[in-house]
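What follows is the residue order along each chain.
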Amino acid sequence: MSTSTTNIESVLNEQRVFPPPAEFSARAHIKSMEEYERLREEAEREPEKFWARMAEEIHWFRRWDKVLDWQPPHARWFVGATTNISYNCLDRHLSTERRTKTALLWEGEPGETRAFTYEELHREVCRFANVLKKLGVARGDRVALYMPLIPELAIAMLACSRIGATHSVVFGGFSAAALVDRINDAGCRAVVTADGGYRRGTEVKLKAAVDEALRETPTVESCVVVRRTGSQVEMKEGRDQWWHELVETVGADCPAEELDSEHPLFILYTSGTTGKPKGILHTTGGYLLWAHLTTKWVFDLKDEDVYWCTADIGWVTGHSYVVYGPLSNGATSIMYEGAPNHPAPDRFWSIVERHKVSIFYTAPTAIRAFIKWGDEHPRRHDLSSLRLLGTVGEPINPEAWMWYREVIGKGRCPVVDTWWQTETGGIMISPLPGATPTKPGSATKPLPGVAADILTRDGEPVAANLGGFLVIRRPFPSMLRTIWGDDERYRQTYFGEIEGVYFAGDGARRDRDGYFWIMGRVDDVINVSGHRLGTMEIESALVSHPAVAEAAVVGRPDELKGQGIFAFVTLEGTREPSDELKEQLRGHVAREIGALARPDEIRFSDALPKTRSGKIMRRLLRELAASGAVKGDVTTLEDFSVIEKLRAQEEE
Ligand code: 7RM
């Protein structure tokens, strides 16, 4: 096929550069580009020596015999070593001043707060680990965690990893059917849940969904229920027990198991391009090392910081940057249960002000919502405690990046746009806030040790500023080890596309300064008259128009051009849809990018279909644009009514 070697064309042209503030660099863990380059070169020259040196940051019960055993596409890291991530996150701090420091500071959606010092968290984790043992959960067993964002979720994760049980967190908003598939795929022995959780003021009934699910899950022997909302639930005799009752029956002494570095730590399901979700498997030592190091480097974490990653723990970002990374570094990590606009659109800024948050990490989709809700909400609060801002989850359009920097960071705080995936376990491409000059919309450069590159589908290098396939050339410690129960799919998906390298599924280009610009999933690329365009750049051009809050662009079969461009657009709160505005927007894109990218059709919509983590589900929009209906897997869709509304417009 002629397109197989063709590049993805890049049309985004962003020139602004923001060097790190001198005061920030002076105090940072990594202070300059020279220091970054030294680390990067060390890792290039002698990778295993570099990783061995980095691994000194972790507590090992037994040291490794070999740093890496690489039998492509399978890696084993720190072979022969033993460690425990729960030990590294808790026990390690107890002999230091951090013993009485706040580890988790939780705020529920209704407004209550709970705090745990490292010592207290350690005690709760040990007790729950003993509960799991009492229920017959042993090393190697899988446990499903289907919970709201409450401290018990972090406690359950740390309790599992303490005894060597593999956790599988299933986002609390997924349906009973999605839970059934995930429990059965992993063969879970126990489920931990809660009566319910709060989201936008209403209760999400988790236990009821579990009851429905457990009718079809033969491997589940027991179910532990946290009392969160106090609402009425059914407790099945012999299977279901209350968390608060169980922890009364056990002691608080539970030494962390010495686990092999390659012991399975967690499975986390992500949706693939086909229906069946993939169970991404991470193991212990390598994942721990990278979660730890990246949290320290990218967030420049210091003991006095108050750190808040707003992600749900049902997403990998919550695993690595709410729980494991911050705790292994001895940080104070904030957890917030609910929605960003409950009871009002200033909830996040109220949390930042009240808890004096200094590091704030969120998603572009949230930032675009804040822009839409209006500047008055952040302006009403004292945000002067902030010193660093981060984003993750999608390409951030330069407009949103600038707003984040100016309105939230008041121009003082470095912004780190962090690129990574469930599969990579931790951040791969990101600025180092004390070193890297940032450019709005660019994740900048690969972290030391990350051999990221951009290639054609045939594995050839791509010249500066031409788009291609984003790959990782060498194994790295936090790389997924396999897809649970389907190693062949692992091989095909990540190592079967481009010879000899890990292919991430994203398109990107590198500019003349070596900066990476992520262009979105290659599945989303549109082919217009033989030109391959990334959807992100067209969306970015749309959002740069003052009337537009958010946009999603997909290709639709077109007899003449191969594909036509179909844009779904959400307007700013004050703007009304009109045919005139459609024409204005089409013209705007043509001026910003070129006539080639002018959308053939624009449809206004109050909301776009998104996953729970805020990613736009372009696959659904593609189906809708092509056939007027949606057929594929929708279990990861946040709000099905969005699709219903878009379809209704189709019929109008
Ligand atoms: C952490 C996470 C992974 C996919 C990835 C990209 C997209 C994530 C960025 C980004 C551009 C970013 N894990 N993505 N971060 N695209 N810039 N900074 O999101 O498994 O849920 O998704 O998300 O397409 O492949 S994930």
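Higher on the page you've got the structure.
Below or above, wherever it landed, is the structure these notes cover. (Residues numbered from 1 in each chain as written. Predicted model: local features only at pLDDT ≥ 70, side-chain atom pairs only at ≥ 80, totals over all residues. Heavy atoms only, no water.)

**Overview of the overall build of the protein chain**
Worth spelling out the cut-off: By definition, any uninterrupted DSSP run of H or I lasting at least four residues is a helix, any uninterrupted run of E lasting at least two residues is a strand, and each is numbered from the N terminus. C-alpha atoms define the radius of gyration in this analysis, and the globule rule sets the expected value at 2.2 Å times the number of residues to the power 0.38. For this analysis, residues touch if any pair of their heavy atoms sits within 4.5 Å. Here the positive residues are Lys and Arg and the negative ones are Asp and Glu; neither His nor the chain ends is included. Just so you know, the charge point we use is NZ for Lys, CZ for Arg, CG for Asp and CD for Glu.
Each helix and strand counted, the protein chain has 20 helices and 30 strands in total. For a compact globule of 652 residues, the expected C-alpha radius of gyration is about 26 Å, and the protein chain comes in at 24 Å, within 12% of that figure. Seen along its three principal axes, the alpha-carbon backbone of the protein chain occupies a region of about 70 × 60 × 50 Å. Long-range pairs, those at least 24 residues apart, make up 71% of the contacts in the protein chain with a sequence separation of at least 6. Side chains of the protein chain give 80 positive and 94 negative charges; the mean places of these two sets differ by 2 Å.

**Notes on the sheet that holds strand 4 (residues 102–107)**
Cut-off, in case you're wondering: In this description, strands pair whenever DSSP reports at least two bridges between them. Geometry is summarised by axes, namely lines fitted to C-alpha atoms with helices restricted to the contacting stretch, and by angles between N-to-C directions that run from 0 to 180 degrees.
Pairing in this open sheet of seven strands is mixed, and the strands run 5-4-17-16-18-19-20 from one edge to the other. Each edge of the sheet is formed by a strand with only one pairing partner; in this case those strands are strand 5 (113–117) and strand 20 (415–418). On average, each strand axis in the sheet is inclined to that of its neighbour by 20°, with strand direction left out of account. Here strand 16 (residues 306–309) runs beside strand 18 (residues 359–362); their pairing, made up of three bridges, is parallel. Looking at strand 18, one finds that Tyr307 is bridged to Ile359.

**Considerations on the pairing of strand 19 (residues 388–392)**
The condition is simple: Think of it in three bands: residues with accessible area under 20% of the maximum for their type are buried, residues over 50% are exposed, and the middle band is partly exposed, with areas taken using a 1.4 Å probe on protein chains only. If you view a crossover with the strands going away from you and the path from the first strand over the helix to the second runs clockwise, you call it right-handed.
For strand 19, the tally of buried residues reaches five of five residues, placing the bulk of the element in the interior. In strand 19, alternate side chains face the same way, and those of Leu388, Gly390 and Val392 on one face and Leu389 and Thr391 on the other are all buried. Sheet topology note: the strand 19/strand 20 ladder contains four bridges and is parallel. Bridge pairing links Leu389 to Val415 in strand 20. Taken together, strand 19, helix 15 (residues 398–408) and strand 20 form a β-α-β motif whose crossover is right-handed.

**Here's the deal with the site of the ligand**
Basically, it comes down to this: We call a residue near a given molecule or strand whenever any one of its heavy atoms falls within 4 Å of it. Whenever two N or O atoms come within 3.5 Å, that pair is a polar contact, provided that in protein one can donate a hydrogen and the other can accept it, and provided that, for residues adjacent in sequence, both atoms are side-chain atoms. The accessible surface values rely on the Shrake-Rupley method and a 1.4 Å probe; as for residues, cover is taken only from the protein chains in view. Think of it as three bins: nonpolar holds Ala, Val, Leu, Ile, Met, Phe, Trp, Tyr, Cys and Pro, charged holds Asp, Glu, Lys and Arg, and polar takes everything else, Gly as well.
Surrounding the ligand, one finds 17 residues, the nearest of these being Trp315, Asp417, Thr418, Thr422 and Arg521. For the ligand, a nitrogen atom lies 2.7 Å from a polar atom in the side chain of Asp417. Arg521 places a polar side-chain atom, nitrogen or oxygen, 2.7 Å from an oxygen atom of the ligand. Compared with its free state, where it exposes 530 Å², the ligand has 93% of that area covered by protein. Elements with a minimum of two residues in the shell around the ligand: helix 11 (316–328), strand 20 and strand 25 (516–521). Here the shell around the ligand is composed, by residue class, of seven nonpolar, five polar and five charged.

**Structural notes on the pattern of salt bridges**
Convention followed: Here a salt bridge means any side-chain nitrogen of Lys or Arg lying within 4 Å of a carboxyl oxygen belonging to Asp or Glu.
The final tally for this structure, using the stated rule, is 56 salt bridges. Asp303 is the partner of Arg98 in a salt bridge, and the nearest nitrogen-oxygen pair spans 3.1 Å. You can see Arg98 sitting in the loop between helix 4 (85–94) and strand 4 and its partner Asp303 sitting in the loop between helix 10 (285–298) and strand 16, a full 205 residues away along the chain. The salt bridge involving Lys561 is made with Asp600; its shortest N-O contact spans 2.6 Å.

All quantities given are derived from atomic positions and should not be read as evidence of function.
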